[in-house]
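Overview (structure and organization)
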Amino acid sequence: KVRNAQKAGAAGVLIADNTCLCSDQDCISDNTEDVCQPAEPSMHDDGSGGDISIPSFLVLKMDADEIKAELRANNLVQVEMQWANPSHNDDHVEYVLWTNPSDPRS
């Protein structure tokens, strides 16, 4: 999805989750779905995203539904994507290492 959006000229991509979190009773009551997900979803590179250079974010269903409602009403929606590296006062670096078993470099 992100690669296709980048090829079409997108500066960034929001991926809308389509399932409520089980802990989000407002989302569950606003939707007719009988299915919910017990943990927050994650979105990560499957090892084939080396050519993707635009940012992408996963948006939880309740937030995505609000954005989509505004777009359907022909309203302008502005989303600011921002992130930061955590700062530490003890001069150490924290990181998360993602690997893919099908990637020989992993």
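Residues numbered from 1 in each chain as written. Predicted model: local features only at pLDDT ≥ 70, side-chain atom pairs only at ≥ 80, totals over all residues. Heavy atoms only, no water.

1. Some details on the nonpolar core
Counting residues in hydrophobic clusters, the biggest one holds five residues: Val 2, Ala 5, Val 13, Ile 15 and Ile 54. Non-local contacts of Ala 5, meaning those with residues more than four positions away in its chain, are made with Ala 10 and Val 13. (Core = buried A, V, L, I, M, F, W, Y, C linked by side-chain atoms within 4.5 Å. Buried < 20%, exposed > 50% of the residue type's maximum accessible area, 1.4 Å probe, protein only. Contact = heavy atoms within 4.5 Å.)

2. Section: helix H3 (residues 61-72)
Compared with the 16 Å implied by 1.5 Å per residue over 12 residues, the 16 Å span of H3 between its first and last C-alpha is a close match. One or two positions beyond H3, positive phi appears at Asn 74, with a value near 65°. (Helix = DSSP H or I, 4+ residues; strand = E, 2+ residues; numbered from the N terminus. Expected span 1.5 Å × (residues − 1).)

3. What about the pattern of salt bridges?
Under the criterion given, the structure shown has three salt bridges. Close ionic contact of Arg 3 with Asp 51 constitutes a salt bridge, the shortest N to O distance being 2.9 Å. Placement of the pair is Arg 3 in helix H1 (residues 2-7) and Asp 51 in the loop between helix H2 (25-30) and strand S2 (56-59), with a sequence separation of 48 residues. According to the relative accessible area criterion, Arg 3 is partly exposed, its value standing at 25%. With a closest N to O distance of 2.9 Å, Asp 65 and Lys 61 form a salt bridge. Of this pair, Asp 65 and Lys 61 both sit in helix H3, four residues apart, which is roughly one turn of the helix. On the accessibility criterion, Asp 65 (23% relative accessible area) is partly exposed. For Lys 61, a relative accessible area of 9% translates into the label buried. (Salt bridge = Lys/Arg side-chain N within 4 Å of Asp/Glu carboxyl O.)

4. Overview of the state of the cysteines
For the structure shown, the criterion picks out two disulfides. A sulfur-sulfur distance of 2.0 Å marks the disulfide that ties Cys 20 to Cys 27. Between Cys 20 and Cys 27, the S-S torsion sits near -70°, and that sign places the bridge as left-handed. A single burial state applies to Cys 20 and to Cys 27, both of which are buried. In this model Cys 22 forms its disulfide with Cys 36; the gap between the sulfur atoms is 2.0 Å. Between Cys 22 and Cys 36 the sulfur-sulfur dihedral comes to about 95°; the bridge is accordingly right-handed. Separated by 14 residues along the polypeptide, Cys 22 in the loop between strand S1 (13-16) and H2 and Cys 36 in the loop between H2 and S2 bring together distant segments of the chain. If one numbers only the bonded cysteines of the chain, in the order they occur, the disulfide pattern is 1-3, 2-4. (Disulfide = S-S within 2.5 Å.)

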